[in-house]
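Letter by letter, the chains look like this.
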Amino acid sequence: MQRSILLVVAAAGLLTGAAAPKVKLVEPSYTLIPGSVPLDKGPDGNSIFLDAPQGLIVVDTGRHPEHAELLLAYAKQRGKPIAVIVNTHWHLDHTTGNYDIRTAYPRAQVYATTAIEGALKSFLQRGREQTDKRLADPKTPADVKAQLIRARHRLDNPDTLRPTVPVTKSAIMKIAGRKLDVHVAPYAATEADLWLYVPDEGLAIVGDLVVDIVPFMDTACAEGWQKALGEVAATPFTRLIPGHGAPMNRDQFNQWRKAFDNFIDCGQSIRLKEECVAGWKRDAAPFIDAEHGDYVTEAAGYYLDTRLRSSPEERQKYCKPGGV
Ligand SMILES: [Zn+2]
(Lines give C-alpha, C1' and ligand atoms only; values in the text may rest on other atoms or scores of the structure.)
Protein backbone atom coordinates (compact mmCIF):
# COMPACT_ATOMS: atom_id res chain seq x y z
CA MET A 1 0.00 0.00 0.00
CA GLN A 2 2.98 2.25 0.14
CA ARG A 3 3.61 4.04 -3.07
CA SER A 4 6.68 5.64 -4.44
CA ILE A 5 6.35 9.16 -5.65
CA LEU A 6 8.78 10.62 -8.10
CA LEU A 7 9.53 14.16 -7.17
CA VAL A 8 11.17 16.24 -9.80
CA VAL A 9 13.51 18.51 -7.94
CA ALA A 10 14.68 21.44 -9.97
CA ALA A 11 18.41 21.73 -9.70
CA ALA A 12 20.25 24.96 -9.14
CA GLY A 13 21.22 26.83 -12.26
CA LEU A 14 17.78 26.83 -13.89
CA LEU A 15 18.35 30.31 -15.22
CA THR A 16 21.21 29.09 -17.32
CA GLY A 17 19.26 26.07 -18.46
CA ALA A 18 22.43 24.11 -17.99
CA ALA A 19 21.27 21.67 -15.32
CA ALA A 20 18.89 18.80 -15.94
CA PRO A 21 16.29 18.23 -13.20
CA LYS A 22 17.34 15.70 -10.61
CA VAL A 23 14.86 12.95 -9.83
CA LYS A 24 14.60 12.04 -6.18
CA LEU A 25 12.76 8.95 -4.97
CA VAL A 26 10.61 9.66 -1.95
CA GLU A 27 9.01 6.83 0.01
CA PRO A 28 5.93 8.11 1.78
CA SER A 29 5.98 6.70 5.27
CA TYR A 30 2.28 6.04 5.61
CA THR A 31 0.60 2.68 5.35
CA LEU A 32 -3.15 2.24 5.12
CA ILE A 33 -4.79 -0.72 6.82
CA PRO A 34 -8.21 -0.49 5.18
CA GLY A 35 -11.40 -0.85 7.17
CA SER A 36 -14.61 -2.19 5.68
CA VAL A 37 -18.36 -1.73 5.82
CA PRO A 38 -19.83 -5.25 5.97
CA LEU A 39 -23.54 -5.62 5.33
CA ASP A 40 -24.17 -7.87 8.33
CA LYS A 41 -22.20 -6.21 11.15
CA GLY A 42 -20.69 -2.90 12.22
CA PRO A 43 -17.97 -1.27 10.13
CA ASP A 44 -14.26 -0.89 10.83
CA GLY A 45 -12.79 2.52 10.05
CA ASN A 46 -9.53 2.88 8.11
CA SER A 47 -6.30 2.85 10.11
CA ILE A 48 -3.22 4.72 8.95
CA PHE A 49 0.32 4.19 10.17
CA LEU A 50 2.84 7.00 10.10
CA ASP A 51 6.50 6.61 10.91
CA ALA A 52 7.84 8.86 13.63
CA PRO A 53 11.17 9.21 15.41
CA GLN A 54 9.80 7.62 18.60
CA GLY A 55 7.98 4.73 16.90
CA LEU A 56 4.77 4.28 14.95
CA ILE A 57 1.74 6.53 15.04
CA VAL A 58 -1.55 4.80 14.22
CA VAL A 59 -4.58 6.88 13.33
CA ASP A 60 -7.76 5.03 14.42
CA THR A 61 -7.91 1.44 15.61
CA GLY A 62 -11.10 -0.09 14.17
CA ARG A 63 -13.86 -2.02 15.90
CA HIS A 64 -13.42 -5.75 15.38
CA PRO A 65 -10.65 -7.91 16.89
CA GLU A 66 -9.51 -8.97 13.41
CA HIS A 67 -8.74 -5.36 12.54
CA ALA A 68 -6.75 -4.85 15.76
CA GLU A 69 -4.80 -8.02 14.95
CA LEU A 70 -3.83 -6.58 11.58
CA LEU A 71 -2.55 -3.42 13.28
CA LEU A 72 -0.49 -5.39 15.80
CA ALA A 73 0.87 -7.65 13.06
CA TYR A 74 1.98 -4.62 11.05
CA ALA A 75 3.84 -3.12 14.04
CA LYS A 76 5.48 -6.48 14.74
CA GLN A 77 6.53 -6.81 11.11
CA ARG A 78 8.06 -3.34 11.21
CA GLY A 79 9.84 -4.09 14.49
CA LYS A 80 8.80 -0.72 15.90
CA PRO A 81 6.55 0.01 18.88
CA ILE A 82 3.24 1.83 18.49
CA ALA A 83 4.12 5.03 20.32
CA VAL A 84 0.92 6.97 19.71
CA ILE A 85 -2.71 6.34 18.80
CA VAL A 86 -4.57 9.27 17.26
CA ASN A 87 -8.36 8.98 17.25
CA THR A 88 -10.15 11.11 14.66
CA HIS A 89 -13.40 10.75 16.66
CA TRP A 90 -14.90 8.57 19.36
CA HIS A 91 -17.19 6.37 17.19
CA LEU A 92 -16.53 2.77 18.18
CA ASP A 93 -15.50 1.70 14.68
CA HIS A 94 -12.43 3.93 15.19
CA THR A 95 -11.61 3.48 18.89
CA THR A 96 -12.51 -0.03 20.06
CA GLY A 97 -9.03 -1.31 19.11
CA ASN A 98 -7.32 1.26 21.37
CA TYR A 99 -7.49 -1.25 24.23
CA ASP A 100 -5.93 -4.06 22.14
CA ILE A 101 -3.09 -1.76 21.06
CA ARG A 102 -2.44 -0.47 24.57
CA THR A 103 -2.51 -3.99 25.99
CA ALA A 104 0.41 -4.78 23.68
CA TYR A 105 2.03 -1.33 23.97
CA PRO A 106 1.11 0.03 27.43
CA ARG A 107 3.19 3.18 26.92
CA ALA A 108 1.23 4.23 23.82
CA GLN A 109 -0.35 7.65 24.29
CA VAL A 110 -3.80 8.44 22.89
CA TYR A 111 -4.35 11.82 21.23
CA ALA A 112 -8.01 12.75 20.75
CA THR A 113 -10.49 15.48 21.53
CA THR A 114 -12.59 15.26 24.69
CA ALA A 115 -15.88 14.81 22.79
CA ILE A 116 -16.11 11.28 24.23
CA GLU A 117 -17.14 12.79 27.59
CA GLY A 118 -20.43 14.16 26.26
CA ALA A 119 -21.03 10.98 24.26
CA LEU A 120 -20.60 8.77 27.35
CA LYS A 121 -23.48 10.66 28.98
CA SER A 122 -25.76 10.64 25.93
CA PHE A 123 -25.33 8.62 22.72
CA LEU A 124 -23.10 5.91 24.20
CA GLN A 125 -25.18 5.80 27.39
CA ARG A 126 -28.26 5.02 25.29
CA GLY A 127 -26.26 2.42 23.36
CA ARG A 128 -25.14 0.82 26.62
CA GLU A 129 -28.79 0.52 27.75
CA GLN A 130 -29.65 -1.30 24.51
CA THR A 131 -26.71 -3.67 24.77
CA ASP A 132 -28.00 -5.86 27.61
CA LYS A 133 -31.45 -6.06 25.97
CA ARG A 134 -29.93 -7.25 22.70
CA LEU A 135 -27.66 -9.72 24.49
CA ALA A 136 -30.68 -11.18 26.31
CA ASP A 137 -32.59 -11.57 23.03
CA PRO A 138 -32.26 -15.17 21.76
CA LYS A 139 -32.68 -13.90 18.18
CA THR A 140 -29.42 -11.92 18.32
CA PRO A 141 -26.84 -13.85 16.24
CA ALA A 142 -23.71 -15.12 17.99
CA ASP A 143 -21.29 -12.91 16.06
CA VAL A 144 -23.36 -9.81 16.87
CA LYS A 145 -23.33 -10.86 20.53
CA ALA A 146 -19.54 -11.08 20.42
CA GLN A 147 -19.41 -7.56 19.00
CA LEU A 148 -21.79 -6.29 21.70
CA ILE A 149 -19.73 -7.88 24.49
CA ARG A 150 -16.58 -6.26 23.10
CA ALA A 151 -18.30 -2.85 22.93
CA ARG A 152 -19.78 -3.29 26.42
CA HIS A 153 -16.33 -3.87 27.89
CA ARG A 154 -15.13 -0.56 26.43
CA LEU A 155 -18.22 1.35 27.62
CA ASP A 156 -17.93 -0.11 31.12
CA ASN A 157 -14.24 0.88 31.14
CA PRO A 158 -14.35 4.29 29.45
CA ASP A 159 -10.67 4.96 30.10
CA THR A 160 -10.10 2.49 27.25
CA LEU A 161 -11.70 5.11 24.95
CA ARG A 162 -10.51 8.37 26.52
CA PRO A 163 -7.48 10.36 25.35
CA THR A 164 -4.38 10.35 27.51
CA VAL A 165 -3.39 13.56 25.74
CA PRO A 166 -6.57 15.63 25.18
CA VAL A 167 -6.40 17.86 22.12
CA THR A 168 -8.57 20.93 22.55
CA LYS A 169 -7.53 23.22 19.73
CA SER A 170 -5.92 23.18 16.31
CA ALA A 171 -2.12 23.43 16.47
CA ILE A 172 1.07 22.27 14.89
CA MET A 173 2.19 19.57 17.28
CA LYS A 174 5.12 17.22 17.60
CA ILE A 175 3.63 13.78 18.07
CA ALA A 176 6.05 10.92 18.79
CA GLY A 177 8.69 13.37 17.57
CA ARG A 178 7.00 14.04 14.20
CA LYS A 179 5.59 17.43 13.23
CA LEU A 180 1.91 17.22 12.34
CA ASP A 181 -0.69 19.84 11.62
CA VAL A 182 -3.50 18.84 13.98
CA HIS A 183 -6.97 20.26 13.37
CA VAL A 184 -9.94 20.20 15.70
CA ALA A 185 -13.29 20.49 13.90
CA PRO A 186 -16.08 21.40 16.33
CA TYR A 187 -19.59 20.04 15.77
CA ALA A 188 -18.91 17.95 12.68
CA ALA A 189 -19.35 14.13 12.58
CA THR A 190 -19.11 14.37 16.40
CA GLU A 191 -18.94 17.18 18.94
CA ALA A 192 -15.25 17.60 18.08
CA ASP A 193 -13.49 15.69 15.31
CA LEU A 194 -9.73 15.64 14.91
CA TRP A 195 -8.04 15.51 11.52
CA LEU A 196 -4.43 15.68 10.42
CA TYR A 197 -2.51 17.36 7.67
CA VAL A 198 0.91 15.79 7.21
CA PRO A 199 2.85 18.64 5.63
CA ASP A 200 5.90 16.74 4.36
CA GLU A 201 3.69 14.30 2.46
CA GLY A 202 0.83 16.53 1.29
CA LEU A 203 -1.43 14.08 3.07
CA ALA A 204 -4.76 14.77 4.78
CA ILE A 205 -6.15 12.13 7.16
CA VAL A 206 -9.69 13.24 7.83
CA GLY A 207 -11.57 10.46 9.63
CA ASP A 208 -15.31 10.41 8.99
CA LEU A 209 -15.41 13.95 7.62
CA VAL A 210 -15.25 11.91 4.42
CA VAL A 211 -16.87 8.46 4.11
CA ASP A 212 -16.98 7.21 0.57
CA ILE A 213 -20.37 5.49 0.29
CA VAL A 214 -22.50 7.67 2.59
CA PRO A 215 -21.71 10.18 5.35
CA PHE A 216 -22.26 8.48 8.71
CA MET A 217 -24.40 11.19 10.29
CA ASP A 218 -25.53 9.49 13.52
CA THR A 219 -24.03 12.25 15.70
CA ALA A 220 -23.61 14.92 13.01
CA CYS A 221 -24.01 18.66 12.93
CA ALA A 222 -24.39 19.44 9.22
CA GLU A 223 -23.21 23.06 9.38
CA GLY A 224 -20.06 22.30 11.38
CA TRP A 225 -19.29 19.38 9.09
CA GLN A 226 -19.53 21.57 5.98
CA LYS A 227 -17.24 24.14 7.61
CA ALA A 228 -14.69 21.42 8.42
CA LEU A 229 -14.67 20.26 4.79
CA GLY A 230 -13.91 23.84 3.78
CA GLU A 231 -10.91 23.81 6.11
CA VAL A 232 -9.70 20.51 4.66
CA ALA A 233 -10.01 22.01 1.16
CA ALA A 234 -7.89 24.98 2.28
CA THR A 235 -4.85 22.76 2.97
CA PRO A 236 -2.59 21.98 0.00
CA PHE A 237 -3.17 18.22 0.21
CA THR A 238 -2.62 16.01 -2.81
CA ARG A 239 -3.87 12.80 -1.20
CA LEU A 240 -6.68 12.38 1.31
CA ILE A 241 -7.51 9.32 3.35
CA PRO A 242 -11.16 9.13 4.37
CA GLY A 243 -12.53 7.39 7.46
CA HIS A 244 -13.93 4.66 5.22
CA GLY A 245 -13.03 3.94 1.61
CA ALA A 246 -10.06 4.36 -0.69
CA PRO A 247 -7.67 7.33 -0.70
CA MET A 248 -8.79 10.27 -2.84
CA ASN A 249 -7.02 12.88 -4.87
CA ARG A 250 -8.14 16.50 -4.76
CA ASP A 251 -10.60 16.16 -7.66
CA GLN A 252 -12.25 13.17 -6.03
CA PHE A 253 -12.52 15.03 -2.72
CA ASN A 254 -14.07 18.03 -4.47
CA GLN A 255 -16.62 15.75 -6.12
CA TRP A 256 -17.47 14.04 -2.81
CA ARG A 257 -17.76 17.41 -1.05
CA LYS A 258 -20.13 18.69 -3.72
CA ALA A 259 -22.28 15.56 -3.31
CA PHE A 260 -22.32 16.13 0.46
CA ASP A 261 -23.35 19.79 0.09
CA ASN A 262 -26.10 18.82 -2.36
CA PHE A 263 -27.39 16.16 0.03
CA ILE A 264 -27.52 18.63 2.93
CA ASP A 265 -29.23 21.25 0.74
CA CYS A 266 -31.81 18.73 -0.47
CA GLY A 267 -32.34 17.42 3.06
CA GLN A 268 -33.07 20.91 4.32
CA SER A 269 -35.46 21.67 1.44
CA ILE A 270 -39.02 20.47 0.87
CA ARG A 271 -38.02 18.17 -1.98
CA LEU A 272 -39.06 14.53 -1.79
CA LYS A 273 -36.95 12.22 0.35
CA GLU A 274 -36.56 9.82 -2.59
CA GLU A 275 -35.23 12.67 -4.70
CA CYS A 276 -32.56 13.54 -2.11
CA VAL A 277 -31.46 9.92 -1.74
CA ALA A 278 -31.33 9.46 -5.53
CA GLY A 279 -29.39 12.73 -5.77
CA TRP A 280 -26.77 11.46 -3.30
CA LYS A 281 -26.45 8.17 -5.17
CA ARG A 282 -26.02 10.01 -8.46
CA ASP A 283 -23.57 12.64 -7.21
CA ALA A 284 -21.48 10.16 -5.20
CA ALA A 285 -21.78 7.32 -7.74
CA PRO A 286 -18.00 6.88 -8.27
CA PHE A 287 -17.63 6.16 -4.54
CA ILE A 288 -20.49 3.64 -4.18
CA ASP A 289 -19.85 0.02 -5.17
CA ALA A 290 -22.70 -2.18 -6.42
CA GLU A 291 -22.68 -4.32 -3.28
CA HIS A 292 -23.59 -1.32 -1.11
CA GLY A 293 -26.38 0.14 -3.30
CA ASP A 294 -29.28 -0.89 -1.05
CA TYR A 295 -27.28 -0.12 2.11
CA VAL A 296 -26.68 3.42 0.88
CA THR A 297 -30.36 3.93 -0.02
CA GLU A 298 -31.39 2.86 3.47
CA ALA A 299 -28.66 4.80 5.30
CA ALA A 300 -29.13 8.04 3.35
CA GLY A 301 -32.89 7.87 3.95
CA TYR A 302 -32.32 7.21 7.65
CA TYR A 303 -30.00 10.20 8.06
CA LEU A 304 -32.43 12.37 6.16
CA ASP A 305 -35.25 11.41 8.53
CA THR A 306 -33.30 11.43 11.77
CA ARG A 307 -30.87 14.31 11.30
CA LEU A 308 -31.81 16.62 8.43
CA ARG A 309 -35.62 16.47 8.68
CA SER A 310 -36.22 15.91 12.37
CA SER A 311 -37.50 18.59 14.76
CA PRO A 312 -35.47 21.81 15.03
CA GLU A 313 -34.29 20.72 18.50
CA GLU A 314 -33.22 17.31 17.23
CA ARG A 315 -31.41 18.85 14.24
CA GLN A 316 -29.41 21.10 16.57
CA LYS A 317 -28.73 18.34 19.10
CA TYR A 318 -25.17 17.74 17.94
CA CYS A 319 -24.45 21.41 17.18
CA LYS A 320 -23.90 22.14 20.88
CA PRO A 321 -21.96 20.60 23.77
CA GLY A 322 -22.93 17.16 25.04
CA GLY A 323 -25.18 15.98 22.21
CA VAL A 324 -28.20 15.79 24.50
ZN1 LIG B 1 -16.54 5.44 10.96
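In the nomenclature of an unreviewed UniProt entry, the protein corresponds to MBL fold metallo-hydrolase from the organism Sphingomonas brevis. Looking at the Sequence similarities (unreviewed entry) heading of the UniProt record, one finds this comment for the protein: "Belongs to the metallo-beta-lactamase superfamily. Class-B beta-lactamase family."

Another point: the layout of surface pockets. Rolled over the atoms, a probe with the dimensions of a water molecule shows which regions are left empty. Size it by volume and the largest pocket reaches roughly 1,400 Å³. Lining the largest pocket are 39 residues, with P43, R63, F123, R134 and D218 sitting closest to its centre. Mapped onto the lining of the largest pocket, the elements with two or more residues apiece are α2 (92-95), α5 (123-136), α6 (142-156) and α10 (293-308). No other element matches the eight residues that α5 contributes to the lining of the largest pocket. Partitioned by chemical class, the residues of the lining of the largest pocket number 17 nonpolar, eight polar and 14 charged.

Right, let's talk about the environment of Q252 for a bit. With respect to the secondary-structure elements, Q252 resides in helix α8 (residues 250-267). Assessed through its relative accessible area of 32%, Q252 is described here as partly exposed. C-alpha of Q252 to C-alpha of A284: the two residues are 32 residues apart in sequence and 9.7 Å apart in space. Each residue touching Q252, except ones within four places of it in the same chain, is listed here: P247 and F287. For Q252, the side chain forms a polar contact with the main-chain nitrogen of N249, separated by 2.8 Å.

Turning our eyes to something else, we now look at the pairing of strand β6 (residues 82-86). Within β6, five of the five residues are buried, leaving the element largely enclosed by the surrounding structure. In this view, the connection linking strand β5 (residues 55-59) to its parallel neighbour β6 by way of helix α1 (residues 65-78) has right-handed handedness. Examined bridge by bridge, β6 and strand β7 (residues 109-112) share three bridges and lie parallel to one another. Each bridged residue has a counterpart across the sheet, and for V86 the counterpart in β7 is Y111.

Taking the UniProt record as the reference, the feature "domain: Metallo-beta-lactamase" (unreviewed entry) is found at residues 44-244. Segment residues 44-244 splits into 36% helix and 24% strand. End C-alpha atoms: 8 Å apart.

Of all seven residues that make up strand β11 (residues 192-198), seven are buried, and the element is covered over most of its length. Side chains A192, L194, L196 and V198 project from β11 onto one buried face, and the interleaved D193, W195 and Y197 project onto a second face that is buried too. By the bridge criterion, six bridges tie strand β10 (residues 178-186) to β11 in an arrangement that is antiparallel. Each residue of the ladder has a partner; that of A185, found in β11, is D193. In sequence, β10 turns back onto β11 through a hairpin of five residues, with Y187 there showing a positive phi of about 50°. One ladder, built from three bridges, connects β11 with strand β12 (residues 203-205); its direction is antiparallel. Note on β12: the bridge partner recorded for L196 is I205. Here β11 folds back onto β12, and the loop between the two strands holds four residues, one of which, G202, carries a positive phi near 60°.

For the zinc ion, the full set of protein donor atoms is D93 (OD), H94 (NE2), D208 (OD) and H244 (NE2), at a range of 2.1 to 2.3 Å. Coordination geometry of the zinc ion: the four donor atoms subtend angles of 87 to 156° at the metal centre, consistent with an arrangement described as irregular. Of note, the zinc ion draws all its donor residues from one chain, in the sequence arrangement D-H-x113-D-x35-H. Pair noted here: D93 is in helix α2 and D208 is in the loop between β12 and α7 (222-233), with a separation of 115 residues, a long-range link. Here the two residues D93 and D208 agree in accessibility, since each one is buried.

As a further point, take the sheet that holds strand β13 (residues 239-241). Pairing is mixed across the open sheet formed by five strands, whose spatial order is β9-β10-β11-β12-β13. Each edge of the open sheet carries a strand with a single partner, namely β9 (171-175) and β13. Neighbour to neighbour, the strand axes of the sheet diverge by 30° on average, direction disregarded.

It is worth spelling out the pattern of salt bridges at this point. With the rule as written, the count across this model stands at 17 salt bridges. Measuring nitrogen to oxygen at the nearest pair gives 3.0 Å for the salt bridge that ties D100 to R154. Taken as a pair, D100 in helix α3 (residues 98-104) and R154 in helix α6 lie far apart in primary sequence, 54 residues in all. Take D100: its relative accessible area is 19%, and that puts it in the buried class. The salt bridge involving E314 is made with R307; its shortest N-O contact spans 3.3 Å. Assessed through its relative accessible area of 25%, E314 is described here as partly exposed. Residue R307 is classed as buried on the basis of its relative accessible area of 6%.

A disulfide bridge is the covalent bond that connects two cysteines by way of their sulfur atoms. Under the counting rule described, the total for this entry stands at two disulfides. Between the sulfur of C221 and that of C319 lies a disulfide, 2.1 Å long from S to S. Residues C221 and C319 are joined by a disulfide whose S-S torsion is about 105°; by sign, that bridge is right-handed. Of the two residues, C221 is situated in the loop between β12 and α7 and C319 in the segment after α11 (312-316); the sequence distance between them amounts to 98 residues. Of the two residues examined, C221 and C319, each falls in the buried class. With its disulfide-bonded cysteines labelled consecutively along the sequence, the protein is connected as 1-4, 2-3.

Rules of the game
- The residue numbers shown here count from 1 along each chain, following its written sequence.
- Selection of residues for local features in this predicted model requires a pLDDT of at least 70, selection of side-chain atom pairs for listing and counting requires 80 or more, and totals for whole chains, interfaces and linings are taken over all residues.
- Here the side-chain values reflect all heavy atoms present in the structure, with hydrogen atoms and water set aside.
- UniProt positions are given in the numbering used here, feature names are shortened, and annotations may be inferred rather than shown by experiment.
- Here a cavity denotes grid points, spaced 1 Å and computed from the protein atoms alone, that fit a 1.4 Å probe unable to get out, and a pocket denotes an open set having protein on both sides within 12 Å along at least 5 of 7 lines; residues with an atom within 4 Å of a point are the lining.
- Grid points are joined across faces, edges and corners, and a volume is the space filled by probe spheres set on the points.
- Starting at the N terminus, helices and strands are each numbered in turn, a helix being any DSSP run of H or I of at least four residues and a strand any DSSP run of E of at least two.
- Gly is put with the polar residues, along with every residue not named as nonpolar or charged; the nonpolar set is Ala, Val, Leu, Ile, Met, Phe, Trp, Tyr, Cys and Pro, and the charged set is Asp, Glu, Lys and Arg.
- Each residue's exposure class comes from its accessible area (1.4 Å probe, protein chains only) as a fraction of the maximum for that residue type: buried when under 20%, exposed when over 50%, partly exposed otherwise.
- Note on contacts: a residue pair is in contact if any heavy atoms of the two residues lie within 4.5 Å.
- Residues adjacent in sequence count toward polar contacts only when both atoms are side-chain atoms; beyond that, a polar contact is any pair of N or O atoms within 3.5 Å, and within protein one must be able to donate a hydrogen and the other to accept it.
- By definition, the crossover connecting two strands over a helix is right-handed if that path, from the first strand to the second, turns clockwise as seen with the strands pointing away from the viewer.
- By the convention used here, strands pair only if DSSP detects at least 2 bridges between them.
- Metal donors: N, O and S atoms at distances within 2.8 Å, or within 3.2 Å for Na, K and Ca, with water omitted from the atom set so that some sites may seem incomplete.
- All geometry calls rest on donor angles, where a four-donor set with angles between 85 and 135 degrees is tetrahedral, four- and six-donor sets with opposite donors more than 155 degrees apart and all others between 65 and 115 are square planar and octahedral, and all else is irregular.
- To get an axis, a line is fitted to the C-alpha atoms, and for a helix only the part in contact is used. The angle between two axes follows their N-to-C directions and goes from 0 to 180 degrees.
- One side-chain nitrogen of Lys or Arg within 4 Å of one carboxyl oxygen of Asp or Glu is enough to make a salt bridge.
- Any two cysteine sulfur atoms lying within 2.5 Å of each other are counted as a disulfide.

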